[in-house]
Amino acid sequence: MTKEKWGQLRQRLLKTVGQNNYTNWIEPIEFRANEEGIATFDVPTNFLGNYVNQNFADLILHELKSEDPNIRRLHFAVPALAAAHRTNAVTTDKPVPTTPKTSGSMATAPLDRRFTFDTFVVGKPNELAHAAARRVAEGGPVTFNPLFLYGGVGLGKTHLMHAIAHELRQRKPGMNVLYLSAEQFMYRFVQALRDRKMMDFKEIFRSVDVLMVDDVQFIAGKGSTQEEFFHTFNALVDQNKQIIISADRAPGEIKDLEDRVKSRLQCGLVVDLHPTDYELRLGILQSKVEQQRLNYPGLEVEAGVLEFLAHRISTNVRVLEGALTRLFAFASLVGREINMDLTQDCLSDVLRASERKITVEEIQRKVSDHYNIRLSDMIGPKRLRSYARPRQVAMYLCKKLTSRSLPEIGRRFGGRDHTTVMHGVKRIEELKIQDGQIAEDLELLRRALEE
Ligand SMILES: Nc1ncnc2c1ncn2[C@@H]1O[C@H](COP(=O)(O)OP(=O)(O)OP(=O)(O)O)[C@@H](O)[C@H]1O
């Protein structure tokens, strides 16, 4: 047997197994050597080796024997570590894969190459989640287990998880990192049950060094999948293997999740990705513009456009990204520069959908709650500082977050004159810079109102 011969035999296998199977499983394996009746193949991952061994070994052996009748067995191994860890490899006379500590990384779900730490923009709302992800990605001793990341739609959970996986693969190539969605976990579990391959399933999941499960809320209400997840989780924690989980909400708030699973998920570090603030959105837009420029060299974005988008689209980062992509594509198509006019034309639907409908009443209510004063006192005539300051904060927010004019705002604040409102807004603008507490109050209130 030679490599060339294997190339020819492979073509025969293509006919037997079909193009899909061929591309996924046969093409990635390379013939390495034939020694004492054992044909050894290089495989990129142990997972692939196991799979080929279980599903195609007979076919491959049959083809090989037609070339060399002395070949009795097949052997699949990940190249760099194969010699050092012979036990890690899979051979045909071991039906159950022996992967006590599998070498090579194995990721069932493909990782998005763009989701790295380099492309993740850090701001106040996500800095803790980012720091925790960075720590785990160092691959050092396990300090918190699991790392539980949660947050609303499109706030970067998947991005951070992929970034961890990329980084670990680079830093610790020998580490077995398994990333998959909770849905895929369930799918593989059900498949293993159906094919009576639970031993293999357990073996694979319990031999990983790092397990990452995305969108874990998916398994809520799915009894046996939860059960299996719980056991897998415990087995890995017992071995001190790192687990990273993401979900759309905190463990305690996932409905139909068993209490024991909840409490397990809570016992490590739970960090949330907060809704983005204006600064983070602007930072993300600036970074995405750099990436878009690679696709559309020469297209410039006029000053003010990004600020406008960061202000107006506060739903989630995915929508923000989509808007920018559309803007660039549209501008290059019609040969116009990216300015405010084009933005309004091209994104009118997105802008309409995310139009804020915050009312003056809402602002007044939130602000009086925040400062713990009565609504009537805030709107009323009292000039005490403890009422006047919150009143000015509320006026400022009304100016910034609604389309009401100064006289209209004045009317809603007990019939005050528009110059009073103007003075209030100016005063808060000054205090925002001088007084950290006011700046923080404004940020909190703005966030609460925009939710
Ligand atoms: N801080 C950030 N910096 C750069 N890009 C970001 C950031 N946060 C989110 N994104 C981008 O926004 C998009 C959505 O992020 P991602 O898929 O990670 O969200 P998610 O939280 O997993 O959402 P879902 O709940 O829908 O699964 C991705 O393209 C991602 O790259």
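Use the structure listed above.
Residues numbered from 1 in each chain as written. Predicted model: local features only at pLDDT ≥ 70, side-chain atom pairs only at ≥ 80, totals over all residues. Heavy atoms only, no water.

Digging into the packing of helix H11 (residues 278-295) against helix H12 (residues 305-312)
In contact at an axis separation of 9 Å, H11 and H12 are set at 130° when each is read in the N-to-C sense. The angle between the axes of H11 and H12 places the two elements in the oblique class. The two elements H11 and H12 meet at a crossing, and its hand is right-handed. Side by side, H11 and H12 meet where Tyr278, Arg281, Leu282, Leu285, Gln286 and Val289 of the first sit next to Leu306, Glu307, Leu309, Ala310 and His311 of the second. By residue class, the composition of the contact of H11 with H12 is 7 nonpolar, 2 polar and 2 charged. (Axes fitted to C-alpha atoms, helices over the stretch in contact; angles between N-to-C directions. Helix = DSSP H or I, 4+ residues; strand = E, 2+ residues; numbered from the N terminus. Parallel < 35°, antiparallel > 145°, perpendicular 65-115°, else oblique. Left-handed = near helix turned anticlockwise from the far one by under 90°. Contact = heavy atoms within 4.5 Å. Nonpolar A, V, L, I, M, F, W, Y, C, P; charged D, E, K, R; others polar.)

Considering the nonpolar core
Core analysis: the biggest nonpolar cluster contains 54 residues, and Trp6, Phe41, Ile60, Val216 and Phe229 have the highest contact counts within it. It is helix H3 (residues 46-67) that contributes the most residues to this core, 8 residues altogether. If we ignore the near neighbours within four places in the chain, the residues touching Val216 are Phe148, Ala182, Phe229, Ile245, Ser246, Ala247, Ile254 and Leu265. Core analysis: the next-biggest nonpolar cluster, separate from the first, contains 26 residues, Leu111, Phe117, Val136 and Leu160 among them. (Core = buried A, V, L, I, M, F, W, Y, C linked by side-chain atoms within 4.5 Å. Buried < 20%, exposed > 50% of the residue type's maximum accessible area, 1.4 Å probe, protein only.)

So, the sheet that holds strand E5 (residues 147-151)
Taken in spatial order, the 5 strands make up an open sheet running E6-E7-E8-E5-E9, and their pairing is parallel. Every interior strand has two partners, whereas the edge strands, strand E6 (177-181) and strand E9 (269-273), have only one. Strand-to-strand, the axes of this sheet are offset by a mean angle of 15°, without reference to chain direction. By the bridge criterion, 4 bridges tie strand E7 (residues 210-214) to strand E8 (residues 242-247) in an arrangement that is parallel. Of the residues in E8, the one forming a bridge with Leu211 is Ile243. Here helix H9 (residues 223-238) sits on the sheet in contact with E7 and E8, set at roughly 140° to E8. (Pairing = 2+ DSSP bridges.)

Considering the packing of aromatic side chains
Enumeration over the complete set of coordinates arrives at 11 aromatic pairs. With 5.6 Å between their ring centres and 25° between their planes, Phe41 and Phe76 make a pair best called stacked. Here Phe41, found in strand E2 (residues 38-42), pairs with Phe76, found in strand E3 (residues 73-77); they are 35 residues apart in sequence, far enough to count as distant. Taken together, a centroid distance of 5.1 Å and an interplanar angle of 75° make the contact between Phe185 and Phe205 edge-to-face. Highlighted residues: Phe185 in helix H7 (residues 182-194) and Phe205 in helix H8 (residues 198-206), separated in sequence by 20 residues. Of the two residues, Phe185 and Phe205, both sit in the buried class. Joined through ring pairs, the aromatic side chains of Phe185, Phe189, Phe201, Phe205, Phe229 and Phe233 make up one cluster. In this structure, Arg260 packs its charged tip against the face of Phe230, placed 4.1 Å from the ring centre. (Phe/Tyr/Trp six-rings, centres within 6.5 Å; stacked < 30°, edge-to-face > 60°. Lys NZ or Arg CZ within 6 Å of the ring centre and 35° of its normal.)

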